[in-house]
Amino acid sequence: MDNNIMSAGTIQENTKLNYSGVPGQALDAIRMRLSQLLHSLKRIRDEFAKPGTQQWYTLQSQLNVTLSQLMSATSTLQHFQDTLDTTVVYPLPKFPTTSHESLLTTLLRKKNIPEVDDWLAMAKEVSGLNPELQNDEEINEILKNDKEVTKWVLTSLVEEFEKYDFKRLYNGPGVDSSTTPKYAKPKQPFDINGIMDYLYKGKLPERESTTPETSL
Amino acid sequence: MVQQLSLFSAIDDPSYDLFISTIKTISGNPPVLFANVNTIWNLNPDNEVQQINKKNQLVEPNRIKLSTNVPLDILADSDSSDSQSRAPRQLDYTLMKHLQTDALPVIEGELKSLLKNSGINLTSDSDMNVDSDVKQSNNNNQAWSLSMSDIPAAGTSKKVSIQLISESSILFTDSNASSLTAFMNGLGYILDYSYITVGSKFFFPDNLILDAYKIWNFDSDKSTQLTKGGLLLKAYINVSKNTDIERINQAEKSLLLLQKELQGFVEFSIPDRQSMDSRSEAPDII
């Protein structure tokens, strides 16, 4: 993608092009994230396309992977937001306009494609915000509140989750340490077969007595 | 006639607390304190019983066990030195922690009168004359259970011990003078030895019962604890029909599940089947 985006330098074809203005690092990072995301989305789509139902845990793990990739792509985009906002894209004279016309039009498009417009409209509707009735300050306030609630939910989720973590020993209030004895593997205090000999035959274990009680 | 599937193990006294809390958690039920007195009866050697087909093992003389419950209010604390007033601190599973000595866990006088009421007199020797001085009190009829057990099933691939047990209940032996000794003598049996078991019982789903108990041998003058230093554990399921293969398989599965669950803490195993053989050794008569 970034190979096709040329910027800065001279327009003259025969002069040496100056790429110093190209935000190569930013574009490369984003390209990596996006291709990862694309790959896992494709995998999920293929899974669904297969006949029969999939195992829930494979789907869930793939969804988790996709979500974390989406997160990293979003954060990368946010990180380079300023650079990308100030970057102007235009084709070089040697760009093969006829063979790659569709690519060029997509890349140079200023307006959002209809699908994206739909997403934006939906997001606005879901958020319950109305720019015509509320001024910027109010909207910002609402967004800030929303972020705080999200943060609170995330932290309390982690806290609650820790309460149900049964892998560790819980020594909180309510557990009297005196009633939970220290673990020690029990020793065999006597020979079970010896006890059985007594229970079924009346043969006392040897350490107690040498003469069995049987009066026969 | 029941088919009893069982597994045995033992724990030492210091592990009792942890054991109780573990089993309480697994079974979801609290422990139940129990106390039994058991008397084992063997063939009277004075009777000249012909050993018909003894060689072919068609007729095998077997010991008989008679047991009944000991009322919990006559249980005593064997740790306290005062033999007369040894009332236990608490009548629940914690009692087991105070029963670590040879002393009988019951008030002896009470036990003797309990046995006497049923016509068992320990003070004289085993071939005693029952008609003599045993005072009968018929208003205190204790129900006894009579049981005979076969040697556990053979086979090295067995995962649990499987034993056939025949049981019956004795409420009265005679309407006027109920006497177990007279009854058993009539069958040709005499008292061999007696023991007391006291312990905690847990009930699991699938009719699985887990007993943790101590055993005291007693005769007229002395008593010994056979399980000194620990408790015997017995996990068992009784299947009433020995042809009910499905139920037996299910019971075996339940026992093995418990064995697996407690692995690393309590190791359940099958005792030597020879040890669980209650057939009386051929008394060399004539």
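Preceding block: the structure.
In this text the structure is predicted, and so the values were computed from the model without any measurement.

**Re the overall build of chain B**
Regarding its fold elements, chain B presents four helices and nine strands. The linear arrangement of helices and strands in chain B, starting from the amino end, is β-α-β-β-α-β-β-α-β-β-β-β-α. Across the 286 residues of chain B, 49% fall into the buried class. In chain B, of all internal contacts separated by at least 6 residues, the share reaching a separation of at least 24 is 72%. Put simply, chain B shows about 13500 Å² of open surface, and 48% of that area lies on carbon and sulfur atoms.

**A word on the interface of chain A and chain B**
At the interface, 27 residues of chain A touch 44 residues of chain B. Regarding the contact of chain A and chain B, the summed buried area is about 3200 Å², with carbon and sulfur atoms giving 58% of it. Taken together, chain A and chain B are joined by one salt bridge. In this structure, A:Lys187 and B:Asp12 form a salt bridge, with 3.8 Å as the shortest nitrogen-oxygen distance. Looking at the side of chain A that touches chain B, its residues break down into 15 nonpolar, five polar and seven charged.

**Considerations on unusual backbone geometry**
Backbone geometry follows two general trends: most residues other than glycine have a negative phi, and most peptide bonds adopt the trans configuration. All names here are of chain B. With phi around 65°, Asp-206 is a residue other than glycine that occupies positive phi space. A positive phi is found at Asn-207, a non-glycine position, where the angle reads about 60°. Inspection of the secondary structure assignment puts Asn-207 in the loop between strand E6 (189-203) and strand E7 (209-218).

**Remarks on the layout of surface pockets**
Residue and element names in this part refer to chain B. Approximately 1100 Å³ is the volume found for the largest pocket. Here the residues of the lining of the largest pocket are counted per class, giving 13 nonpolar, four polar and four charged. Size it by volume and the second largest pocket reaches roughly 780 Å³. Around the second largest pocket, the lining is made up of 33 residues, and of these Asn-38, Lys-65, Ser-67, Glu-167 and Lys-234 lie nearest the centre. Per-element accounting of the lining of the second largest pocket gives the leading share, five residues, to strand E3 (residues 64-69).

Parameters at a glance
Each chain has its residues counted from 1, running along the sequence as written. Starting at A for chains and at 1 for ligands, labels are handed out in the order in which the entities are written. This being a predicted model, a pLDDT of at least 70 is required before a residue's local features are given, and a value of 80 or more before pairs of side-chain atoms are given or counted; all residues contribute to the totals for chains, interfaces and linings. To get the side-chain values, all heavy atoms of the structure are used, and hydrogens and water are removed first. Runs of E in the DSSP output that reach at least two residues are strands. Runs of H or I that reach at least four are helices, and both are numbered from the N terminus. Accessible area is worked out with a 1.4 Å probe on protein chains only. A residue is then buried under 20% of its type maximum, exposed over 50%, and partly exposed in between. We call two residues in contact whenever any of their non-hydrogen atoms come within 4.5 Å of each other. Using a 1.4 Å probe, the Shrake-Rupley method yields the accessible areas, and only the shown protein chains count as cover for residues. Here the quantity called buried area is the total loss of accessible area, with a 1.4 Å probe, experienced by two parts when brought into contact, counted for both. Salt-bridge detection follows one rule: a side-chain nitrogen of Lys or Arg within 4 Å of a carboxyl oxygen of Asp or Glu. Charged residues are taken to be Asp, Glu, Lys and Arg, nonpolar residues to be Ala, Val, Leu, Ile, Met, Phe, Trp, Tyr, Cys and Pro, and polar residues to be all remaining types, Gly included. Only protein atoms enter the 1 Å grid used here, on which a cavity is any set of points holding a 1.4 Å probe that cannot leave and a pocket is any open set flanked by protein within 12 Å on both sides along at least five of seven lines; residues with an atom within 4 Å of a point are listed as lining. Grid points are joined across faces, edges and corners, and a volume is the space filled by probe spheres set on the points.

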